[in-house]
Every structure is written in structure tokens, then in C-alpha cells.
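Okay, here's what each chain looks like letter by letter:
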Amino acid sequence: MKMNHLLVPLATLSLLGGCANLNGDNEAAKQAQLDQLVNQQTEQLQTLIVDTCTPKADPNQPYMEQLVTEMAGVNAQLTALVEKQAVPVVTCPEVSTESPIGDKLILGEVERTYVQEVGMEFETRVDTGAESSSIDARNITLFERDGKQWVRFDVPNREAPDTEAKTIEAKVERIAQIKKGAADGKQERPVIRARLKIGDYVADTELNLNDRSHLDYPLLLGRKFIKDIAVVDVSRSHVQSKKPAKKPAKPTE
């Protein structure tokens, strides 16, 4: 009966040694340390087994109770060592579910834009292929005011062609050299600073003045305005603004 009780802690010691070899670090130094500890505890266990034939000096403590207590201490030491040598758990970084667009605006190929300096709203072509922004201006005249260069120009209302064009005066920020093509060379255009509003977004930008009567849209927004604040979805239009309602057709006479 005593030998059956002794086989239980001996089996426990063997199993713990196997777990340590499976889960522990494969480095030779740590494995040698573990083997040394197992050998030491095995010697202690053999000593305890030999003591089974020797009467106990303390008759008040049953021998098997003392053996179980000491074996529990051996098992605890081995378990602690195995835990220290366990393979570390690799934690993967969390995957971000945020869109790479972040908080940038999404603009359609065509938007409605209000220009504060002109006091009008325009159908606007959003073009990533153009560097600068441009507004349809007619009768452009440069003049001087208080020692600084200004410009006077007319802005027609294409949505109400029967109304008179608005005459605007603004300070010239600079004269831009716009490349038209290999044959045409460069064209000089006065540039003004204006405040634009698309949907809820408001920003200041430069507008060069140019006769756009031959183009479909009176206002063009280029990369300088779009950069860092918006991305363009060319498959959509009026993402940030409402499309103007069509006027009823005139009755035929």
C-alpha cells in the first residue's frame, strides 16, 4: 500500500519533467538547469523511498503524511520552473478598421461651390489633373489702388443668362504663368484669393481669372485646393452639395 502512494508523486515528477521539455525554452543552458533540478529532486525522492523502511523519529507525525508534504514541495518547485520556461504568447497588433481616407472629404467629379467674393454659387468641375483653380471671368482689367495691383472683372451667371454679369474688384495676389500647350506657350492670368464653400466645408484658395465661356463649367477646382483635404470619386457627382433643380422648359409659341 505504501509503494502505491509513492508511485503517485514519482509519476507526477516524471510528467512535470516532460512538460518542461515540451514547453520550455530550447536553449541548452536552461535545459541543463532543468535537468539538474530534476536529478536533485529525483535523489531526494529516492532517499524518501529508502526511508520507508526506517522507523520515524517523531512518532506523532505519520510517515506517509510527511512524504506527501515533501513531495508537494518538490512538485511546486518543478511547476514554478516550468512556468518560467514556458513559451511566451505572441500578441498580434489590433487591425485598424478605419478607412485610409480618414476624415478627408469625398468630392464628386462635379460639385456646387459658393464663392464668397462673387456672391454666387457655381457648378464646379473637380479635376485632379489641373494644378490650380480657375473661375470664368470676362472683361479682365488690371489697375492700381493704394500702390497695389488690383483687378476688375465680370462674372456671368450661366444659370440665369438673362441677368447682367456681376462686376467684381479684388486685390491681385500674383500673376500666374499657365501653360496652355506646346504650340500656345504660356498665358498670364491674374490670381485672386477667394473663400469657397462646398457643403459644410469652407476654405480659402487661389483662383486664376480666365474666360471659360468655351468650357462646360464656370469654376474649376484643381489639386492645390483638393490636396490634403479631399479625395475625388469620379463615378459620383454632388456628393457634398445638392444638384440644382432644373428650370421648367419655356412654353412653345
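Basis of the calculations
Residues numbered from 1 in each chain as written. Predicted model: local features only at pLDDT ≥ 70, side-chain atom pairs only at ≥ 80, totals over all residues. Heavy atoms only, no water. Core = buried A, V, L, I, M, F, W, Y, C linked by side-chain atoms within 4.5 Å. Buried < 20%, exposed > 50% of the residue type's maximum accessible area, 1.4 Å probe, protein only. Helix = DSSP H or I, 4+ residues; strand = E, 2+ residues; numbered from the N terminus. Pairing = 2+ DSSP bridges. Axes fitted to C-alpha atoms, helices over the stretch in contact; angles between N-to-C directions. Polar contact = N/O pair within 3.5 Å; in protein donor to acceptor, adjacent residues only side chain to side chain. Contact = heavy atoms within 4.5 Å. Phe/Tyr/Trp six-rings, centres within 6.5 Å; stacked < 30°, edge-to-face > 60°.

Enquirer: Which parts of the structure should I look at to understand the nonpolar core?
Expert: The nonpolar side chains of soluble globular proteins are, as a tendency, buried together. Judged by nonpolar contacts, the single largest core of 27 residues is most densely connected at Val 115, Val 118, Phe 122, Ile 135, Phe 153 and Leu 207. Of the residues forming this core, the biggest block, four residues, is contributed by strand 9 (residues 185-198).

Enquirer: Help me out: how do you make sense of the sheet that holds strand 5 (residues 138-145) in this one?
Expert: By definition, the strands of a sheet pair up through backbone hydrogen bonds, in either a parallel or an antiparallel sense. Read across the open sheet, the three strands follow the order 5-6-7; overall the sheet is antiparallel. The open sheet has two edge strands with one neighbour each: strand 5 and strand 7 (166-171). This sheet shows a mean twist of 20 degrees between the axes of neighbouring strands, independent of strand direction. Across six bridges, strand 6 (residues 148-155) lies against strand 7 in antiparallel orientation.

Enquirer: Sorry, what's going on with the side chain of Glu 123 here?
Expert: Secondary-structure assignment places Glu 123 in strand 3 (residues 120-126). Within polar-contact distance, the side chain of Glu 123 engages the side chain of His 238 at 3.0 Å. Ignoring anything within four residues of it in the chain, the contact list for Glu 123 reads Val 110, Glu 111, Arg 112, Glu 159, Tyr 217, Pro 218, Leu 219, His 238 and Pro 244.

Enquirer: Just checking my understanding: could you explain the packing of aromatic side chains for this structure?
Expert: The geometry of an aromatic ring pair is captured by the separation of the ring centres together with the interplanar angle, meaning the angle of the planes. Per the counting criterion, the structure on display carries one aromatic pair. Summarising the aromatic geometry, the rings of Tyr 201 and Phe 225 are spaced 6.3 Å apart at their centres and angled 75 degrees between planes, so their arrangement reads as edge-to-face. Linking Tyr 201 in strand 10 (residues 201-210) with Phe 225 in helix 4 (residues 223-226), this pair joins segments that are 24 residues apart in sequence. Relative accessible area serves as the criterion here: at 25%, Tyr 201 is assigned to the partly exposed category.

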